[in-house]
Amino acid sequence: MVQSLLRWYKINKRDIPWRQTKDPYKIWLSEVMLQQTQVETVIPYYKQWIKKYPTFTDVMQAKESDLLKLWEGLGYYNRCRNFHKAVNNIANDHDGKIPDLMGDFKKLPGVGDYISSAVLSISSGQNLPALDGNIIRVLSRVLRKKKVSPHNRKIIHNHILKWMKYGHAGDINEALMDLGSIVCRPNQAHCHECPITEFCGAVATGNPETYPKILTKKKTPEYDVVTGIIWKNDKFLIMLRENKKHLGGLWEFPGGKIKNGENKTKALEREIREECGLNVDIENQIGSFKHVYSHFSINMTSFHCTAKNGSLVTTQQKHQWIKLSQIDNFAFPKANHKIFSLMNEMRRNG
Ligand code: SF4
């Protein structure tokens, strides 16, 4: 069975940049970027990052704000901050060498079982099954397991471990990941193209897609928010989000959620006063749009504003007045780029 899987992988493996290296730094970076994100989305970010920081030592010397700028648009910014923290931990506690023992590696910020297993199996062939969503799906079908319980994860883990005892651990993990991505798809298992169909328990049921049972997602909340582009001459105000907050370390415009009973402009006046102590005149609306995050979504409306005469920013939060032409020097959440697009559109239309 392992031979069939590896033969299939040799012919069908996806041609992706991090497959051309055994450098643990590059494999680790790719795995961090791939969490919750599609391969096609990650490829340009990965290439840009490696171009700017070709070695692990380059990341040790980098500033977090520069890394966040490169990560801009990829989302889940904690991944980037944790990666940077982990790199600094390695510089201080591991003589600058990525740990090759899983016990040490998985203790680093943002690493854990999956990333340490993937990196160490691929870079140094250690027998460590890397249970990502694709591998769990394929093995749940092969072993005919309906539930992704801790007990069944253990069974899956041990099963793959048996396959690894003759070597090729990294290839086995990557082959199963590719099989899940290309052939054994969540809603459509292409069993006639599968190299391990004769070993699969679910295929005999006639409904392999029902393995494992997918839990229905809870409806996520939706919030109405307002933001203000507060102008002083040809510059506007941006504020740095605190690290401990969602999207921490990124820049944003003042604003926030509309409370019950408030209209948009009243809410914006209040939010700006609370956040930066400014009294503003609210002028024309820039536009409204919806933005979806993993656990909630927002309906955002933005307005141009001007600070009232003599009004000063009073906040502990780091802030800056910048020109529109400077936005590329700062990392903003994706939603803010939608505002920039609307602003540019307004300028073009006069
Ligand atoms: S035979 Fe079908 S269900 Fe089983 S692993 Fe292959 S594609 Fe998936």
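Residues numbered from 1 in each chain as written. Predicted model: local features only at pLDDT ≥ 70, side-chain atom pairs only at ≥ 80, totals over all residues. Heavy atoms only, no water.

S.K.: How do you make sense of the nonpolar core when you look at a structure like this?
M.R.: One broad rule of soluble globular proteins: the nonpolar side chains tend to lie buried together. Counting 61 residues, the largest nonpolar core has Tyr25, Trp28, Met33, Trp49, Trp71, Phe83 and Phe236 as the members making the most contacts within it. Here this core gathers at least three residues from each of two domains, domain 1 (2-210) and domain 2 (222-348). Discounting chain neighbours no more than four positions away, the residues touching phenylalanine 236 are Ile229, Ile230, Trp231, Phe253, Gln320, Trp321, Ile322, Lys323, Leu324, Ile327, Phe340 and Met343. Among the nonpolar cores identified, the runner-up in size contains 27 residues, and Leu139, Trp163, Ala169 and Leu179 belong to it. (Core = buried A, V, L, I, M, F, W, Y, C linked by side-chain atoms within 4.5 Å. Buried < 20%, exposed > 50% of the residue type's maximum accessible area, 1.4 Å probe, protein only. Domains from an automatic or database assignment. Contact = heavy atoms within 4.5 Å.)

S.K.: What is the right way to look at the packing of aromatic side chains in this model?
M.R.: For any pair of aromatic rings, the description rests on two quantities: the centre-to-centre distance and the angle between the ring planes. Throughout the structure, instances matching the rule amount to 18 aromatic pairs. Aromatic side chains tryptophan 231 and phenylalanine 236 sit 5.2 Å apart centroid to centroid with 75° between the ring planes, which places their arrangement in the edge-to-face category. Arranged with centres 5.0 Å apart and planes meeting at 80°, the rings of phenylalanine 332 and phenylalanine 340 form a pair that is edge-to-face. The two residues phenylalanine 332 and phenylalanine 340 agree in class, both being buried. Grouping aromatic residues by their ring pairs yields a cluster made of Tyr25, Trp28, Trp49, Tyr53, Phe56, Trp71, Phe83 and Phe105. It is lysine 146 that lies over the ring of tyrosine 211; its NZ or CZ is 4.2 Å from the centre. A cation over a ring is seen here: lysine 257 above tyrosine 223, with NZ or CZ 4.3 Å from the ring centre. (Phe/Tyr/Trp six-rings, centres within 6.5 Å; stacked < 30°, edge-to-face > 60°. Lys NZ or Arg CZ within 6 Å of the ring centre and 35° of its normal.)

S.K.: In this structure, what is going on with empty space enclosed by the protein? I would like to understand it.
M.R.: According to the stated counting rule, one finds 1 cavity of 30 Å³ or more in the structure shown. What lines the largest cavity is a set of 15 residues, and nearest its centre among them are Cys184, Ala189, Cys191, Cys194 and Cys200. With 3 residues, helix α9 (residues 133-142) is the largest single contributor of residues to the lining of the largest cavity. For the lining of the largest cavity, a count of residues per class yields 12 nonpolar, 2 polar and 1 charged. (1 Å grid on protein atoms, 1.4 Å probe; cavity = no way out; pocket = protein on both sides within 12 Å on 5 of 7 lines; lining within 4 Å. Points joined across faces, edges and corners; volume = space filled by probe spheres on them. Helix = DSSP H or I, 4+ residues; strand = E, 2+ residues; numbered from the N terminus. Nonpolar A, V, L, I, M, F, W, Y, C, P; charged D, E, K, R; others polar.)

S.K.: What is the right way to read helix α1 (residues 2-12) from this model?
M.R.: Think of an α-helix as 3.6 residues a turn; residues three or four steps apart then line up on the same face. When α1 is considered as a whole, its buried residues turn out to be Val2, Ser4, Leu5, Leu6, Trp8 and Tyr9. The inward-facing, buried residues of α1 contact α10 (150-163) and α11 (169-182).

S.K.: Mind showing me how you'd approach the environment of threonine 220 here?
M.R.: Position of threonine 220 relative to the elements: it lies in the loop between α11 and β1 (222-232). Expressed as a C-alpha distance, the spacing of threonine 220 and serine 294, which sit 74 residues apart in the sequence, is 8.4 Å. Excluding anything up to four places from it in sequence, threonine 220 contacts Ser294, His295 and Phe296.

S.K.: Any chance you could explain the domain arrangement of the protein chain here in plain terms?
M.R.: Accessible area lost on assembly of the parts is the figure often given for the size of an interface. Partitioning the protein chain into domains gives domain 1 (2-210) and domain 2 (222-348). Each of domain 1 and domain 2 has a C-alpha centre, and these two points are 37 Å apart. Facing 8 residues of domain 1, the contacting portion of domain 2 comprises 16 residues. Taken together, both faces of the contact between domain 1 and domain 2 bury some 820 Å²; the carbon and sulfur share is 51%. Where domain 1 touches domain 2, the interface holds 0 salt bridges. (Buried area = accessible area lost by both parts, 1.4 Å probe. Salt bridge = Lys/Arg side-chain N within 4 Å of Asp/Glu carboxyl O.)

S.K.: Teacher, can you tell me more about the layout of surface pockets here?
M.R.: If you roll a probe as big as a water molecule over the atoms, it shows you where there is empty space left. Considered as a void within the structure, the largest pocket measures approximately 1600 Å³ in volume. Forming the walls of the largest pocket are 39 residues, and the residues nearest its centre are Gln36, Asp132, Gly133, Asn134 and Arg137. At the level of elements, α2 (24-34), α3 (39-52), α8 (112-124), α9 and α11 are the ones that each hand at least two residues to the lining of the largest pocket. Broken down by element, the residue count for the lining of the largest pocket peaks at 5 residues, all from α9. Looking at the lining of the largest pocket residue by residue, the classes come out as 15 nonpolar, 10 polar and 14 charged.

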